[in-house]
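# Fold and geometry: a report
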Amino acid sequence: MDPARVQTPCYVIDLGRLKKNLVLLGQVQQETGCRILLALKGFAAWSTFDLCRQYLSGAAASSLHEAKLAAEYFRKEVHLCAPAYRDDEMPEYLRIVDHIVFNSHTQWNRFRNSIQQAPRPIACGLRVNPMHSEVKTRIYDPCAPGSRLGIPPEQFRSEELDGISGLHFHTLCELNADSLVRTLAAVEKHFGTVIRRMKWMNFGGGHHITRPDYDVDLLCRTIRDFWQRYPNLEAIYLEPGEAIALHTGFLIASVLDIVHNQMDIAILDTSASAHMPDVLEMPYRPVITGAGLPGEKTYTYRLAGPTCLAGDVIGDYSFDRPLQVGDRLIFHDMAHYTMVKNTMFNGINLPDIVLYDPQQDRYILQRRFTYEDFKSRLS
Ligand SMILES: Cc1ncc(COP(=O)(O)O)c(C=O)c1O
C-alpha cells in the first residue's frame, strides 16, 4: 500500500486480499454444500460485486435499499431479513427477493397473503432466538435479555408453520467455529423438531471465517454433521458480512495539525466519529502501519478527528519519529462497517473510495464525494 498515490482521506479496497477471502469462502461452500451470502450491512461496495459473485451464492439484505442493490448489482440469490417490514415497501420486495425472513409470527401473518400472490416464488422463514449468548459486547448480542431479534422458544408457535420453509438465526459477532457449535446445540434444543419440518436453515452472520485463527475444519465438520442430522434440509445458508471484507481495506489519512495539551495530539483529516464509527461504538483500536502502543516507541500522539466532537479520538499511538503536518497514516481493516456506516457529520467530507488492483499495481478511484452529496441529504 503506497499512501502517496491517493488523495486523503481515502478508503482503499485491495482486490487481491478480497479475492483471497472469497476463495476460502468458496472452498467452504464446496466442501460442505452450504451457500454463503454477502451480508450487505457489513460491506456493500458494489464495484466489487462482480468479483464477489464469482465465489458467493448471493447477498443478504436488511432493507429495501440493500435489496435493490443486491438485485441490481449482485444478481444472484437475494435474501431479506429485518426486524419488521413496512406495508408500503412489500410490493417492491416481492418483485426482487428470493427469501424473506420474518422476525415474528405477526409479521408473517401480515404479509403471507401478498407473498402467495407475488410475481415470483419466495421462500419464507422465521428468525428464531435460541437464547444463547456468545457475544460479550451487549449492543452486538441479539440474545441479550429483552432483545427484539428472533422469536424466543416460548413464543414460537410450531402449529402455525404452514407456508414457512426455513428457520434463521443470527447470534454471533466476530466469533470462531466453537461458538457456532454451542449455538447450534441451543438452536437444536429449542427448535430441533421444527428443523425436521424445514427445507432450509440460515446460520446468520458473525462467522469470522477469514481470520487466520478461524477453525475452518470445525466449521465444515459442523455443517456436514448438521446436514447428516437433518437430511430433510435442501440448503444451509451462512450470511457473513465482515468475513468477506476482513483485512481487505485501508483508510489513508493525513496529519493536518499537531497541538499540545498535556500530550501531543495530531489532528487528522479523518474522523473516528464520521469515518470509522465502530472505533467509538464497538469500541476498538485500529492497527496503524508502523505505529505501536502509547510509550512503546519514542513519540506518542493522541490521534483525533477534525469534527467538533470532543470524543472524536481514534486512540493513542507511538511512532519511531515525530509526526509532521502532511504525514500519511495507514489504518488497517477499514473495508467493513465503515463505508456502510459513515456520516457527513459537521459537513466533513467522506473519504474517497478506491480499488487497488495488485496485479496491475493500479489505484482506481471509484467515488469522490462533493458538497452536493452533503447538501442533497439535508433539504
Ligand atoms: C441478520 C444478520 N445477518 C448477518 C449479519 C452480518 O454479520 P457479520 O458482518 O458480523 O458477519 C448481521 C449483522 O449484524 C445480521 O444482523
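Residues numbered from 1 in each chain as written. Predicted model: local features only at pLDDT ≥ 70, side-chain atom pairs only at ≥ 80, totals over all residues.

## Things to note about the pairing of strand 9 (residues 235–238)
- Of the pairings in the sheet, the one linking strand 2 (residues 35–39) to strand 9 comprises two bridges and is parallel in character. Its bridge partner being in strand 9, Ile-36 is matched across the sheet by Leu-238.
- Relative to strand 9, strand 8 (residues 200–202) is paired through three bridges, and the arrangement is parallel. The partner of Asn-202 across the bridge, within strand 9, is Tyr-237. (Pairing = 2+ DSSP bridges. Helix = DSSP H or I, 4+ residues; strand = E, 2+ residues; numbered from the N terminus.)

## Focus: unusual backbone geometry
- Cis peptide bonds are those with omega within 30 degrees of zero, and the linkage from Thr-8 to Pro-9 qualifies with -5°.
- Considering the arrangement of structural elements, one finds Pro-9 in the segment before strand 1 (10–14).
- A cis amide bond, omega -20°, links Met-282 with the succeeding residue Pro-283.
- Topologically, Pro-283 is positioned in the loop between helix 10 (278–281) and strand 12 (299–304).
- With a phi angle near 55°, Arg-75 is a residue other than glycine that sits in the positive phi range.

## A short note on the environment of Gly-290
- Within the fold, Gly-290 resides in the loop between helix 10 and strand 12.
- Residues Gly-290 and Leu-329, 39 residues apart in the sequence, show an inter-C-alpha distance of 8.8 Å.

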